[in-house]
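Working through the structure, step by step
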Amino acid sequence: MSIDFVDSLIASHQARNVPVLRLFGRPVVICEGSRYVVPEGSKRLLVFVALRHRRVDRRDAAGSLWPDGTDNRAAGNLRSALWRLNRAHIDVLRVDRQSIALRDGVLTDVHVVMSWAARVIAGDCRAGDLHVTPYGLDAMELLSGCYDAAAMRLYPGGH
């Protein structure tokens, strides 16, 4: 199963109690052995920031995620999404007045898989990289359950 593949890639990071943001399947955060389900109203924001893996301007995030309303409404939706994450004890974002980013040390399953694939393609494998059996990769669903048009804008490549 594909989850076993991803689990095997992130196992060494979890041993160090690094927060892991799982984006394949339904978004969850795993930290110090606890599993935190990402609130429905915050999933797109968390995925939007995580897939960029850099600081994101708050206005850009709000406008991209909630494009159909006014700027004030989009900003309100962003604040609400951040509040929901805080209420769910999901502390993986660094937020200031202008920007949002993943906190240092937060690991995403997507970036771990991308890093593994890049090493394998480049012929620069680490010990254990080739012992991972990536069967079922086609079944790994990113943004499972997100069917709206805004979900298609989450990934900067447009796919």
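Notes on the structure in this doc start here. (Residues numbered from 1 in each chain as written. Predicted model: local features only at pLDDT ≥ 70, side-chain atom pairs only at ≥ 80, totals over all residues. Heavy atoms only, no water.)

What about the overall build of the chain?
The helix and strand tally for the chain stands at 6 helices and 7 strands. Per-residue burial for the chain yields a buried fraction of 42% across its 159 residues. In the chain, of all internal contacts separated by at least 6 residues, the share reaching a separation of at least 24 is 62%. Counting only carbon and sulfur atoms, one obtains 51% of the accessible surface of the chain, whose full area is about 9,300 Å². (Helix = DSSP H or I, 4+ residues; strand = E, 2+ residues; numbered from the N terminus. Buried < 20%, exposed > 50% of the residue type's maximum accessible area, 1.4 Å probe, protein only. Contact = heavy atoms within 4.5 Å. Areas by Shrake-Rupley, 256 points an atom, 1.4 Å probe, with all protein chains shown as cover.)

Section: the sheet that holds strand β2 (residues 28-31)
Read across the sheet, 4 strands follow the order β3-β2-β1-β7 without closing on themselves; strand pairing throughout is mixed. Two strands close off the open sheet at either side, each with one partner strand: β3 (34-37) and β7 (107-108). (Pairing = 2+ DSSP bridges.)

Here's the deal with the sheet that holds strand β5 (residues 93-95)
Ordered by their spatial adjacency, 3 strands build an open sheet running β4-β6-β5, and the pairing between neighbours is antiparallel. Lying at the two open borders of the sheet, with one neighbouring strand each, are β4 (56-57) and β5. Bridge count for β4 against strand β6 (residues 99-102) is 2 bridges, and the pairing is antiparallel. When the sheet's bridge partners are listed, Asp 57 is paired in β6 with Ser 99.

Examining the nonpolar core
With 39 residues, the main nonpolar core has Leu 21, Leu 45, Leu 46 and Leu 93 as its most contacted residues. Among the secondary structure elements, those contributing two or more residues to this core are α1 (2-15), β1 (20-22), α2 (43-52), α3 (58-65), α4 (71-87), β6 and α5 (109-122). Of all the elements, α2 adds the most residues to this core, at 7 residues. Setting aside residues no more than four positions away along its own chain, Leu 45 makes contact with Leu 65, Leu 78, Ala 81, Leu 82 and Ile 100. (Core = buried A, V, L, I, M, F, W, Y, C linked by side-chain atoms within 4.5 Å.)

Side note on the packing of α2 against α3
Closest axis-to-axis distance for the α2/α3 pair is 11 Å, and the angle between their directions is 125°. Judged by the angle between their axes, α2 and α3 are oblique. The handedness of the crossing between α2 and α3 is right-handed. In this structure, α2 contributes Arg 44, Leu 45 and Phe 48 to the contact, and α3 contributes Asp 60, Ala 61, Ser 64 and Leu 65. For the contact of α2 with α3, the class distribution of residues is 4 nonpolar, 1 polar and 2 charged. (Axes fitted to C-alpha atoms, helices over the stretch in contact; angles between N-to-C directions. Parallel < 35°, antiparallel > 145°, perpendicular 65-115°, else oblique. Left-handed = near helix turned anticlockwise from the far one by under 90°. Nonpolar A, V, L, I, M, F, W, Y, C, P; charged D, E, K, R; others polar.)

A closer look at α3
Buried within α3 are the following residues: Arg 58, Ala 61, Ala 62 and Leu 65. Along the long axis of α3, the arc covered by the buried residues comes to 95°, so they all point the same way. Residue Asp 57 occupies the N-cap position of α3, its side-chain oxygen lying 2.9 Å from the main-chain nitrogen of Arg 59. (Arc of directions from axis to C-beta. Polar contact = N/O pair within 3.5 Å; in protein donor to acceptor, adjacent residues only side chain to side chain.)

Some points on the side chain of Ser 99
One can find Ser 99 in strand β6. A polar side-chain atom of Ser 99 sits 2.5 Å from a polar atom in the side chain of Arg 55. For Ser 99, the residues in contact, after removing those within four places along its chain, are Arg 55, Val 56, Asp 57, Arg 58 and Arg 94.

Some thoughts on the pairing of β3
Summarising the sheet, β2 and β3 pair through 4 bridges and their orientation is antiparallel. Bridge assignment links Ile 30 to a residue of β3, and that residue is Arg 35. Following β2, the chain reverses through 2 residues before pairing antiparallel with β3; Glu 32 in that reversal takes a positive phi of roughly 50°.

No statement about biological role is implied by the geometric values presented.
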